[in-house]
Amino acid sequence: MSSLAEIEVLAPDGTPVRIGELVDRPTILIIPRYYGCLPCRDYLRQAAQRYGEIEAIGARAVGLSVGADFQAAWLIEQYGIPFPLLVDPERKVYDALDLPRKLSVVLNPRGWAKYASAIARGNRQGKIIDPLQLPGLALLDETARPITVHRGRALGDYPPLDSVLRELSNLDDAPRSGAPASA
Amino acid sequence: MSRIPALTESGFEREVIASEVPVIVDYWAPWCGPCRALEPVVEAIADEYGDRVKVAKVNIDAEPGLAARAGVLSIPHLVLYRDGVAVAKSGGARPKHAIVEALSLDEHAIAG
């Protein structure tokens, strides 16, 4: 697995951002299929609404997706997303976390229920950028080392924020980068 | 190659639910980097506790039904079963002492 900390992605305005520069505390890395994906927008919105709880446990959130930059900028403006939304057009982070593209993601009926509930909560679908990308979520320690990974199996398949917050609260004892895993 | 035995749906009842010894099940997947980082920790726990605790692993991609029944959302995810019941959980690639504490292993392991 490549070191996430060394991977460079882009801010919505095209500015290069190294993951290691951004992550200085336990971090929820939310990895939408693309920023126009309706249930992905819904999940980002939920994370935004509960951002106070995330910060209260000394953590932060970062969104990262294949695209699109204009959709990320729109989400920040329209939904008031209080955390960075980054763009990874070369799929470096997806590859590092082994979050592939799969046809099964759109064929899984569980995903369409997620679409329905996202619509019911007032979200709008954006332009389709990458329909086959699996969604994901990783918890990183303060050195950007992945501690847990969730690989979605369907559209909008993200772990409930309650369980993410519970896991985050345990990250303070995660092994530090470079330390023996069995320490 | 891991020294920890892999469980399948057919063996789970016998090896975990019916086990007289507490069982730690490591839910993992081959693509998961943190799972690979945790593997030596799980092996060290198996070595330390010997016959007092059984340790096994479940590949969540190969056995999605087992993962769903255990409520596994993110991996790595360890569950301690005692008398066939999940009594403690630990999520993430954490150090050995944190896992021992989260699973209350010294309390649940049978007497040596």
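Residues numbered from 1 in each chain as written. Chains lettered and ligands numbered in written order. Predicted model: local features only at pLDDT ≥ 70, side-chain atom pairs only at ≥ 80, totals over all residues. Heavy atoms only, no water.

Caption draft 1: Spatial organisation of helix α2 (residues 33–49) of chain B. Its 17 residues give α2 of chain B an end-to-end C-alpha distance of 25 Å, which sits within 8% of 24 Å, the value for a rise of 1.5 Å per residue. Roughly 35° is the biggest bend found in α2 of chain B, and it falls at Glu39 of chain B, with proline Pro40 of chain B one to four residues downstream. Within the sequence span of α2 of chain B, burial applies to Gly33, Pro34, Cys35, Leu38, Val41, Val42, Glu43, Ile45 and Tyr49 of chain B. Each element contacted by the buried residues of α2 of chain B is listed here: β7 (146–151) of chain A together with β1 (23–28), β2 (54–59), β3 (77–82), α4 (96–102) and α5 (105–108) of chain B. Where α2 of chain B ends, the next residue or the one after it, Gly50 of chain B, has phi of about 50°, a positive value. (Helix = DSSP H or I, 4+ residues; strand = E, 2+ residues; numbered from the N terminus. Expected span 1.5 Å × (residues − 1). Bend = angle between axes of the 7 residues up to and from the residue. Buried < 20%, exposed > 50% of the residue type's maximum accessible area, 1.4 Å probe, protein only. Contact = heavy atoms within 4.5 Å.)

Caption draft 2: Geometry of the sheet that holds β1 of chain B. Residue and element names in this part refer to chain B. Read across the open sheet, the 4 strands follow the order β2-β1-β3-β4; overall the sheet is mixed. Sheet topology places β2 and β4 (85–91) at the edges, where each strand pairs with a single neighbour. Strand after strand, the sheet turns through a mean of 25° between neighbouring axes, direction not considered. Judged from the 6 bridges that link them, β1 and β2 form a sheet pairing that is parallel. Directly across from Val25, in β2, lies its bridge partner Ala56. (Pairing = 2+ DSSP bridges. Axes fitted to C-alpha atoms, helices over the stretch in contact; angles between N-to-C directions.)

Caption draft 3: Here's a closer look at the packing of helix α2 (residues 38–49) of chain A against helix α4 (residues 69–79) of chain A. Residues and elements named next belong to chain A. Between α2 and α4, the shortest axis-to-axis distance is 11 Å and the interhelical angle comes to 45°. Classified by the angle their axes make, α2 and α4 are oblique. Relative to α4, the crossing made by α2 is right-handed. Where α2 abuts α4, its residues Arg41, Leu44 and Arg45 lie against Gln71, Trp74, Leu75 and Tyr79. (Parallel < 35°, antiparallel > 145°, perpendicular 65-115°, else oblique. Left-handed = near helix turned anticlockwise from the far one by under 90°.)

Caption draft 4: Representation of the side chain of Thr27 of chain A within the structure. Residues and elements named next belong to chain A. Within the secondary structure, Thr27 is located in strand β3 (residues 27–31). Only 2.7 Å separates the side chain of Thr27 from the backbone oxygen of Arg25, close enough to count as a polar contact. Aside from chain neighbours lying at most four places away, what touches Thr27 is Arg60, Ala61, Val62, Ala138, Leu139, Leu140 and Leu168. (Polar contact = N/O pair within 3.5 Å; in protein donor to acceptor, adjacent residues only side chain to side chain.)

Caption draft 5: Spatial organisation of the pattern of salt bridges. Residue and element names in this part refer to chain A. Under the criterion given, the structure shown has 14 salt bridges over all chains. Among the ionic pairs, Arg18 bridges to Glu21, the shortest N-O distance being 3.7 Å. Accessibility expressed as a relative area gives 26% for Arg18, which makes it partly exposed. Look at Glu21 and you get exposed, because its relative accessible area is 57%. What emerges from the salt-bridge pattern is a single network uniting Glu6, Arg18 and Glu21. (Salt bridge = Lys/Arg side-chain N within 4 Å of Asp/Glu carboxyl O.)

Caption draft 6: Broad picture of the nonpolar core. Grouped together as the largest cluster of nonpolar side chains are 73 residues, with contacts concentrated most on Phe83 of chain A together with Tyr27 of chain B. Examining the composition of this core, we find that 5 residues originate from one element, α2 of chain A, more than from any other. Beyond its immediate stretch of four places on either side in the chain, Phe83 of chain A contacts Ile30, Leu44, Ala47, Ala48, Tyr51, Ala61, Val62 and Gly63 of chain A. Counting 18 residues, the second-largest nonpolar core is a separate cluster that includes Leu38, Tyr49, Leu78 and Ala88 of chain B. (Core = buried A, V, L, I, M, F, W, Y, C linked by side-chain atoms within 4.5 Å.)

Honestly, that's just the spatial picture; any functional story needs more than this.
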